[in-house]
Amino acid sequence: MAILTAVDFSHASGLALVHAARIADTFDQRLIVVTVADALLAAAEGVASGDDPLTLLTQALGEFVDETLGTGASARHALLVPVGDPSAEILRVGDQREVALIVLATQGASGVGKAVFGSVAERVLRHATRPV
């Protein structure tokens, strides 16, 4: 079993990462850290920079994990960068890896922003088949 946390490089997701790491350590579970790449933005970044956008995003994820959890933390945890819809990919990885728990943060959007864009955390909560 493992603990899955999804990050978007925000302060709130950093806090979720810290809590997920503590839970994983407490229960001697593997920690899987996911950030989901948007297919269109990844393709545009690849064209603009000439570099593989998933490699760049994986490096950025490793740096975020190290900055948040301490130097070398990224080497101790599984880092994944799937491409697609964030909530669908988080759920897919959770099911595929048979995680015991999904840990997420919310940005606290409300009103029109939440109605128009929705919330990844809310969609994961609504469709998850495991604890969130």
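The shown structure was predicted, so the numbers you read here are calculated from the model rather than taken from an experiment. (Residues numbered from 1 in each chain as written. Predicted model: local features only at pLDDT ≥ 70, side-chain atom pairs only at ≥ 80, totals over all residues. Heavy atoms only, no water.)

*Asks:* Looking at this structure, I do not really get the pattern of salt bridges. What am I missing?
*Replies:* Should their charged atoms come close, side chains of opposite charge can pair. Inspection of the entire model under this criterion finds three salt bridges. The salt bridge partner of Arg92 is Glu89, with a shortest N-O separation of 2.8 Å. You can see Arg92 and its partner Glu89 sitting in helix α5 (residues 86–96), three residues apart, about one turn around the helix. Overall, the relative accessible area of 37% leaves Arg92 in the partly exposed class. We note a salt bridge from Arg126 to Glu122, for which the minimum N-O separation is 3.0 Å. Within this pair, Arg126 and its partner Glu122 are both found in helix α7 (residues 120–127), separated by four residues, close to a single helical turn. Under the relative-accessibility criterion, Glu122 is labelled partly exposed at 31%. (Salt bridge = Lys/Arg side-chain N within 4 Å of Asp/Glu carboxyl O. Helix = DSSP H or I, 4+ residues; strand = E, 2+ residues; numbered from the N terminus. Buried < 20%, exposed > 50% of the residue type's maximum accessible area, 1.4 Å probe, protein only.)

*Asks:* Could you clarify how one ought to interpret the environment of Ser87 in this entry?
*Replies:* In this structure, Ser87 sits in helix α5. Linking Ser87 and Arg123, residues 36 residues apart in sequence, is a C-alpha distance of 6.1 Å. Separated by 2.8 Å, the side chains of Ser87 and Asp85 make a polar contact. (Polar contact = N/O pair within 3.5 Å; in protein donor to acceptor, adjacent residues only side chain to side chain.)

*Asks:* What exactly am I supposed to notice about the sheet that holds strand β1 (residues 2–6) here?
*Replies:* Strands pair in a sheet through their backbones, by hydrogen bonds, and they do so in one of two ways: parallel or antiparallel. On the basis of which strands lie adjacent, the open sheet formed by four strands has the order β3-β2-β1-β4 and parallel pairing. The open sheet is flanked by β3 (78–80) and β4 (101–103), the only strands paired with a single partner. Taken pair by pair, the neighbouring strands of this sheet meet at an average axis angle of 20°, ignoring direction. With three bridges connecting them, β1 and β4 associate as parallel partners. (Pairing = 2+ DSSP bridges. Axes fitted to C-alpha atoms, helices over the stretch in contact; angles between N-to-C directions.)

These figures capture arrangement, not role.
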